[in-house]
Amino acid sequence: MAEHISVTQISNHIGQEVTIKGWIYNRTDKGKLVFLLVRDGSGFVQCVAFKGDLEPEVFDKVMRLPQESSVIITGAVREDKRAPGIPGGYEVGVKQIEIVQEAGLDYPMSLKDHGVDFALDNRHLWLRMQSQWAILRVRATVMAATREWLDLNGFVEMSTPILTPAAAEGTTTLFETEYFDEGKAYLAQTGQLYNEANIFSFGKVYCFGPTFRAEKSKTRRHLTEFWMLEPEIAFCDLDGLMEIEEQMLTHIVQRVLRDRMPELKSLGRDISKLENIKAPFPRISYDDAAKIIQEFHEKETDPEKKELLKFDWGIDFGAPHETIITQQFDKPVFVYGYPTAVKAFYMEPWPNRPEVCKSVDLLAPEGYGEICGGSERISDPDALLQRIRDQKLPEEAFKWYLDLRKYGSVPHSGFGMGTERVTSWICGNEHVREAIAFPRTIKRVYP
Ligand code: 4AD
Ligand code: MG
């Protein structure tokens, strides 16, 4: 019996007879030859059926085999530079084929282009397409590389709760639910506050899970459910935080380049842009970023574009502003020291300049914009209580959080990284919705 191999291992089996278990992705007939592009989850390989090698009834079936039929194919592996696939350059000469199921002829996700809404309605099938397969393989490697770097650097993974008693990132994006006799509970917008408790026992921690924002914005960067990685570090200031971010991001990108090159190439990604992503990353203040934007605003002659670039010190950056900033650099850029008024309540004020806080966003190049947001946290109990009161947050729900500043408070910092945004940037995607298997947006919870 031939050995069952996965397509990724095919280069180790040249000249050998192997078995591939998978699905028909595409089929082309050339008289006595039928070319089947078969995908098995690990890759795509061309299998060639020759009329003379198979029983007439079998060859006849193969000639009419619909896309997505499930098959078990046995045959010898040959090297052939012209053969398509991932990795390309190999083909299997079909000696035996077992049709596990002949797929229905009405498969909706044929290989032609589909409209976005149609593709999203059929997301459960769209996932099988090569582009989607490649993006989600990159995503899995992004997640694995993230954990790998943190684990190697002494971080402890914690699971923070998803059902929470209060808002942490603004009250306008909360999903709420009735919680028995306890009143309302909210889906977590972040695990950060719990990690701030965790560092006092573990020093360096991270959580990596789904987070929820009832985002009213329908932009290409926003999901209502996304996966956020959140490290939190005791005895760490803003500079220390930026070092951790750039080291971790460098590891993630370099690991994707090492392990997911065929996927990136199949997506048509410009690899040279990614090879350049190595620490250190440039750092600029919000004030300097504001100057850059104002210069571009002044120079702009198109009235429509000029309107979009309008900018006054104190506002948060919009997507067009972030685009301008990131276009000045060929690496991700840190922008630090945002106005306190546009950031969350827990951020440490800048010394002698309370209108600015010790926050930092990491903006990805090529116009991708914010991929990480973080800050040094307020460590003084009175200052923190004041911020909670100023923002009219429910003091009772933050009692435990204020305790953290009473018993051994230390300077500490952390950040959140959006998995879908990082994956989209690395893959060169238009929209974050393709970087998660089943996207949730304001207009979509199906399938
Ligand atoms: O900047 P954000 O809102 O920061 C926090 O939630 C902090 N509590 C994190 C921390 O310091 N521990 O979100 C962090 C990152 C963003 O930079 C972005 O990459 C991603 O999470 N993100 C989203 N991704 C997709 N859809 C959304 N609606 C997102 N909102 C934030
Ligand atoms: Mg942010």
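Residues numbered from 1 in each chain as written. Chains lettered and ligands numbered in written order. Predicted model: local features only at pLDDT ≥ 70, side-chain atom pairs only at ≥ 80, totals over all residues. Heavy atoms only, no water.

**Some words on the pairing of strand β15 (residues 333-336)**
Sheet topology note: the strand β14 (residues 283-285)/β15 ladder contains three bridges and is parallel. By the bridge assignment, I284 is partnered in β15 with V335. Pairing between β15 and strand β18 (residues 359-364): four bridges, direction antiparallel. From the neighbouring strand, V335 faces β18, where its bridge partner is D361. (Pairing = 2+ DSSP bridges. Helix = DSSP H or I, 4+ residues; strand = E, 2+ residues; numbered from the N terminus.)

**Concerning the domain arrangement of the protein chain**
As assigned here, the protein chain comprises domain 1 (3-101) and domain 2 (124-282 + 329-435). Spacing between the C-alpha centres of domain 1 and domain 2 amounts to 43 Å. Across the contact, nine residues belong to domain 1 and seven residues belong to domain 2. Carbon and sulfur atoms make up 59% of the area that domain 1 and domain 2 hide from each other, which totals about 730 Å². (Domains from an automatic or database assignment. Contact = heavy atoms within 4.5 Å. Buried area = accessible area lost by both parts, 1.4 Å probe.)

**With respect to helix α11 (residues 319-326)**
Listed in full, the buried residues belonging to α11 are H321, E322, I324, I325 and T326. Among the structural elements, β14, α9 (286-299), α10 (303-309), β15, β18 and β19 (369-376) are those in contact with the buried residues of α11. (Buried < 20%, exposed > 50% of the residue type's maximum accessible area, 1.4 Å probe, protein only.)

**What about the site of ligand 1?**
Taken together, 23 residues surround ligand 1, and among them E169, Q192, R213, E230 and E370 come closest. Here E215 contributes a side-chain N or O atom positioned 3.2 Å from a nitrogen atom of ligand 1. Between ligand 1 and the protein, one listed contact pairs an oxygen atom with a side-chain N or O atom of R377 at 2.9 Å. Protein chains bury 94% of the 630 Å² of accessible surface belonging to ligand 1 in isolation. Within the residue set of the shell around ligand 1, elements represented by two or more residues are β13 (225-234), β19 and β20 (412-418). The element contributing the most residues to the shell around ligand 1 is β19, with five residues. In the shell around ligand 1, the residues fall into seven nonpolar, eight polar and eight charged. (Near = heavy atom within 4 Å. Polar contact = N/O pair within 3.5 Å; in protein donor to acceptor, adjacent residues only side chain to side chain. Areas by Shrake-Rupley, 256 points an atom, 1.4 Å probe, with all protein chains shown as cover. Nonpolar A, V, L, I, M, F, W, Y, C, P; charged D, E, K, R; others polar.)

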